[in-house]
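# Results of the structural survey
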Amino acid sequence: MANSNIQLHPPAEKKTFWAWTIGTFFGAGLLKPGPGTYGSIAAVVLWFIAAHIFPVSSLWLTIGTIIAAIVVTLIGIPAATIVARESGREDPGHVVIDEVAGQLIALIAIPADWQHAALSLLLFRLFDILKPPPIRQLERLPEGTGIMLDDVAAGILALIVAQVAHLFF
């Protein structure tokens, strides 16, 4: 899945509405250039708004973010699989639900301010783009699992680095 331009077969004429809605994260994945960045930004903006609309303790924000990341990942795997099949591509760039899941993971347990949100976004995008080992190897998993889990791993790595940075700065 290292190359999202690999055409497996011709695209399907019919698209599964729910999968394309979720897979492209309500169309964010159709924006150009850099659809993955738009998916990540959408996740950060929604998280930031939710953190300020529902003023809860940092513990409850952390729990809510964990739950959201798990739900997005579990729904994202079948959605990404369907969109990839219907696109005729291994890892289509317009599938950004994986970035949403990874970004949510990177936002776990950080203070709900714009500085920490921006750091989380930058770290996640860095690790998602560079894909240091073992992240790149997760792309080899089949279909939606591989599409999703490399971004989950990038989110975990971004979370760890953000938490260490928070401790020292």
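One can find the structure itself at the top, above this paragraph.
Read on for a plain summary of the structure. Here the residue numbering is sequential within each chain, running from 1 through the sequence in written order. Only residues with pLDDT of at least 70 are given local features in this predicted model, and only at 80 or more are side-chain atom pairs given and counted; all residues enter the totals for whole chains, interfaces and linings. Remark: hydrogens and water are excluded; side-chain values derive from all non-hydrogen atoms of the structure.

### Some points on the overall build of the protein chain
Check the secondary structure of the protein chain and you find 7 helices and 0 strands. Helix and strand assignments follow DSSP, with helices taken as H or I runs no shorter than four residues and strands as E runs no shorter than two, numbered in order from the N terminus. Beginning at the N terminus, the succession of helices and strands in the protein chain can be written as α-α-α-α-α-α-α. Relative to the 2.2 N^0.38 estimate, which gives 15 Å for 169 residues, the radius of gyration of the protein chain is 16 Å and therefore close to what a compact globule would have. Principal-axis analysis of the C-alpha atoms gives the protein chain an extent of 50 × 35 × 25 Å. The buried label goes to any residue with under 20% of its type's maximum accessible area, the exposed label to any with over 50%, and the partly exposed label to all in between, with areas taken from a 1.4 Å probe on protein chains only. In the protein chain, which comprises 169 residues, the share counted as buried stands at 44%. Radius of gyration here uses only the C-alpha atoms, and the compact-globule reference equals 2.2 Å multiplied by the residue count raised to the power 0.38.

### A short note on the pattern of salt bridges
Every case where a carboxyl oxygen of Asp or Glu lies within 4 Å of a side-chain nitrogen of Lys or Arg is listed as a salt bridge. With the rule as written, the count across this model stands at 6 salt bridges. Between lysine 131 and aspartate 128 there is a salt bridge; the shortest N-O distance is 2.9 Å. An identical accessibility class is assigned to lysine 131 and aspartate 128; each is buried. Among the charged side chains, a network of salt bridges with common partners joins Glu99, Arg125, Asp128, Lys131 and Asp150.

### A closer look at the side chain of aspartate 151
On the secondary structure map, aspartate 151 appears in helix α7 (residues 143-168). Whether two residues touch is decided by their heavy atoms; if any such pair falls within 4.5 Å, the residues are in contact. Excluding residues that lie within four positions of it along the chain, aspartate 151 makes contacts with Asp98, Glu99, Gly102, Phe124, Asp128 and Lys131.

### A short note on empty space enclosed by the protein
Here the term cavity refers to a set of points on a 1 Å grid, laid over the protein atoms alone, in which a 1.4 Å probe fits but cannot get out; the term pocket refers to an open set having protein on both sides within 12 Å along at least five of seven lines, with lining residues being those that place an atom within 4 Å of a point. Grid points are joined across faces, edges and corners, and a volume is the space filled by probe spheres set on the points. According to the stated counting rule, one finds 1 cavity of 30 Å³ or more in the structure shown. Space inside the largest cavity adds up to approximately 30 Å³. Considering the residues around the largest cavity, the lining is formed by Ile110, Pro111, His116, Leu119, Ala162, Gln163 and His166. If one sorts the elements of the lining of the largest cavity by residue count, α7 sits on top with 3 residues.

### Focus on unusual backbone geometry
With an omega of -15 degrees, the peptide bond between lysine 32 and proline 33 qualifies as cis. Inspection of the secondary structure assignment puts proline 33 in the loop between α1 (17-23) and α2 (35-53). Look at the link from proline 133 to proline 134: it is a cis peptide, with omega at 5 degrees. In this fold, proline 134 is placed in the loop between α5 (114-130) and α6 (135-138). Of note in the backbone geometry, phenylalanine 26 takes a positive phi value of approximately 60 degrees without being a glycine. Along the chain, phenylalanine 26 falls in the loop between α1 and α2.

### Remarks on the nonpolar core
Ile97 and Val100 are the most contacted members of the largest nonpolar core, which totals 32 residues. Going through the elements one at a time, α1, α2, α3 (58-87), α4 (97-106), α5 and α7 are the ones with two or more residues in this core. By residue number, the principal contributor to this core is α3, which donates 7 residues. Setting aside anything within four residues of it in sequence, one finds valine 100 in contact with Phe25, Gly39, Ala43 and Val72. Counting residues in each nonpolar core, the second largest holds 9 residues, with Ala106, Ile135, Ala153 and Ala154 among its members. By nonpolar core we mean a set of buried residues, namely Ala, Val, Leu, Ile, Met, Phe, Trp, Tyr and Cys, connected to one another through side-chain atoms within 4.5 Å.

### With respect to the packing of aromatic side chains
The rule is short: rings of Phe, Tyr and Trp, with Trp giving its six-membered ring, pair when the centres are within 6.5 Å, and they are stacked under 30 degrees, edge-to-face over 60, tilted in between. In this structure the tally under the stated criterion is 1 aromatic pair. Sitting over the face of the ring of tryptophan 20, lysine 15 holds its NZ or CZ atom 4.3 Å from the ring centroid. Criterion for a charge above a ring: Lys NZ or Arg CZ within 6 Å of the ring centre, and within 35 degrees of the ring normal.

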